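A look at the structure
Each chain is listed here by its residues.
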Amino acid sequence: MEKVRKTLCEPFRIKAVEPLTVTTNDYRRRALEEAGFNPFLLRSVDVFIDLLTDSGTGAMSDRQWAGIMTGDESYAGARSWLRLEKTVKELTRMPFVFPTHQGRAAERILYGILGGQGKTFISNTHFDTTRANIEFTGAEAIDVMPEAAKDEEVFLPFKGNIDLLQAEELILEKGPGNIGAVIITVTNNSAGGQPVSMANVKSLRGLCDKYGVKLVIDGCRIAENAFFVHEREEGYQNKTYREIASEMLALGDAFIMSAKKDGLVNIGGLLCLKDENLAQQCRNQLIISEGFTTYGGLAGRDMEALAIGLDEVFDPDYLRYRIRSTTYLGEHLRSMGIPVVWPIGGHAVYVDAGKLYPAIPKDQFPGQVLVCDLYLAGGIRCVEVGSVMFGKRGERGEFIPAPRELVRLAIPRRVYTQSHIDYVIEVFGDTLEQRQKDRGFRIAWEPPFLRHFTARFSAV
Ligand SMILES: Cc1ncc(COP(=O)(O)O)c(C=O)c1O
């Protein structure tokens, strides 16, 4: 047995560097004020460690950059497309594969066909673009997570699972013919990047077969999920990560992927299907809005890089390092007494700012306070996932808070080293010392939709 060492060595060395700007406290205070205390409005050059998202922010390998140079830019039947199609078919075992410019384009095409007035979609948790694309068609999107998985402190190996009983009740209540699809999101992004077990997807497949309902796998983090199945689910220790991912994908009728995550590329998406009739309808839509079926809005070089990324992502050294580095951050914060969603998921650490700043009322956004404090203390950018993002106004204009006031620190793939992460931990330590706050923010301006992106705040 190889010794597991304490030092988390990145399984790569650095060949190109991108300088980071080191800023002072005064500089960051001015930048934050100019951005209306909303880190989305900061310029990236004013950020030292950017943990806003893991989507499209990863670093490509030397093999991928070499692929960029050999990409075939032919309009139809490009070599790069054929390579990508072969890679994806081998992985998914689905006969119809379409490239898209990113995940939500695949969602718009598929749910535009399966959705519409009177249809219901059921999921462990719909990601926000998934929900938006479904609701845009007039259909409804309902999340069914097991009650136990909502407890953020309890350790469950597969907290991302769907609640099968609730899903069946909904199918019966709405009528199987009115179910647009059941969607299983792996890992479950909006629920903390928590994994989904193979047993759960197998049972879900059985349920969908029983009622003749389609099963869609929203699997942009399918490799990270495979890692957890390998670690935590009986019977998978001798299978490779790729075999586990393939086994899970084979259970779906369709697979949607934002390639900006486990595709290890900066842009791209995939829509894969088993049903020929449905594939023909999707093909028509793809040509209308994305491009010809052999590029779907991507350049040949993008497809070349994606084919290579889908190979590299299953490298055991990479996946071990990837999940260990997220866990490393989460475990350190937890050991400092910082309330984190437990266990740590695959791509991000979620901190409960509501618990960290108990004196700040929810309508003064404790999550936004933490997000701003981390930027001020050390130039770290992350995102509030609480009442700024999900808070609502009731019928009488009253404030309805989000269920939790979380802050997400998402780790870009292959970008930061252990010393960067140690720095984040140190900055958290400083923030903890200075957090005796009892006042937060009020919203100075907000747009009608998705306010977290562009709202401006002022101190109460
Ligand atoms: C689970 C999930 N589905 C779909 C999407 C949408 O993908 P994209 O951002 O490429 O449009 C995302 C993006 O974060 C996601 O996490």
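Heads up: the structure comes first, above all this text.
Okay, so let's go over this structure.

Cut-offs used in this document
- Residues numbered from 1 in each chain as written.
- Predicted model: local features only at pLDDT ≥ 70, side-chain atom pairs only at ≥ 80, totals over all residues.
- Heavy atoms only, no water.
- Helix = DSSP H or I, 4+ residues; strand = E, 2+ residues; numbered from the N terminus.
- Rg over C-alpha atoms; globule rule 2.2 N^0.38 Å.
- Areas by Shrake-Rupley, 256 points an atom, 1.4 Å probe, with all protein chains shown as cover.
- Lys, Arg positive; Asp, Glu negative; His and termini not counted.
- Charge placed at Lys NZ, Arg CZ, Asp CG, Glu CD.
- Patch = residues over 30% accessible without salt bridge, like charges linked within 9 Å, V, L, I, M, F, W, Y side chains within 5 Å.
- Salt bridge = Lys/Arg side-chain N within 4 Å of Asp/Glu carboxyl O.
- Near = heavy atom within 4 Å.
- Polar contact = N/O pair within 3.5 Å; in protein donor to acceptor, adjacent residues only side chain to side chain.
- Nonpolar A, V, L, I, M, F, W, Y, C, P; charged D, E, K, R; others polar.
- Pairing = 2+ DSSP bridges.
- Axes fitted to C-alpha atoms, helices over the stretch in contact; angles between N-to-C directions.
- Parallel < 35°, antiparallel > 145°, perpendicular 65-115°, else oblique.
- Left-handed = near helix turned anticlockwise from the far one by under 90°.
- Contact = heavy atoms within 4.5 Å.
- Phe/Tyr/Trp six-rings, centres within 6.5 Å; stacked < 30°, edge-to-face > 60°.
- Buried < 20%, exposed > 50% of the residue type's maximum accessible area, 1.4 Å probe, protein only.

**Some details on the overall build of the chain**
Of regular secondary structure, the chain possesses 16 helices and 16 strands. The globule rule puts the C-alpha radius of gyration for 460 residues at 23 Å, and the 22 Å found for the chain is close to it. Taking the principal axes of the C-alpha coordinates as reference, the chain spans close to 60 × 55 × 45 Å. As displayed, the chain offers around 20,200 Å² of accessible surface, 53% of which is attributable to carbon and sulfur atoms. Taking the 55 positively charged and 60 negatively charged side chains of the chain as two groups, their mean positions are separated by 1 Å.

**Here we look at a negative patch on the surface**
On the surface, a cluster of negative charge is made up of Asp422, Glu426, Asp430 and Glu433. With respect to the helices and strands, the residue Glu426 is situated in helix H16 (residues 418–433).

**Notes on the site of the ligand**
In the vicinity of the ligand, 14 residues are found, and the nearest of them are Gln102, Arg104, Asn189, Ser258 and Lys261. Taking Gln102, its side chain carries an N or O atom lying 2.9 Å from an oxygen atom of the ligand. Its free accessible area being 390 Å², the ligand has 96% of it covered by the protein chains. The dominant element in the shell around the ligand, judged by the number of residues it contributes, is helix H4 (residues 103–114), at three residues. The residue inventory of the shell around the ligand, partitioned by class, reads two nonpolar, six polar and six charged.

**Details of the sheet that holds strand S14 (residues 406–410)**
Taking strand neighbours across the sheet as the criterion, the three strands line up as S9-S14-S11 in an open arrangement whose pairing is antiparallel. Bordering the open sheet on either side are strand S9 (348–352) and strand S11 (383–385), each of which pairs with just one other strand. The sheet shows a mean angle of 35° between the axes of neighbouring strands, taken without regard to direction. Both S11 and S14 contribute to a ladder of three bridges, which runs antiparallel. Residue pairing across strands places Val383 opposite Arg408, the latter belonging to S14.

**Description of the packing of helix H12 (residues 316–335) against H16**
Two elements in contact, H12 and H16, have axes whose closest approach is 10 Å; the angle formed by their N-to-C orientations is 25°. As judged from the angle between their axes, H12 and H16 are roughly parallel. Crossing angle aside, the handedness with which H12 passes H16 is right-handed. Each of Tyr328, Leu329, His332 and Leu333 in H12 lies in contact with H16, whose residues at this interface are Gln418, Ile421, Asp422, Val424, Ile425 and Phe428. Of the residues contributing to the contact of H12 with H16, the split by class is seven nonpolar, two polar and one charged.

**Observations regarding the packing of aromatic side chains**
Considering all chains together, one arrives at 13 aromatic pairs under this definition. Ring plane angle 75° and centroid distance 5.4 Å describe the contact between Tyr111 and Phe121, whose orientation is recorded as edge-to-face. A residue pair is termed long-range when its members are at least 10 positions apart, and Tyr111 in helix H4 and Phe121 in strand S3 (residues 120–123) qualify at ten residues. Relative accessible area serves as the criterion here: at 1%, Tyr111 is assigned to the buried category.

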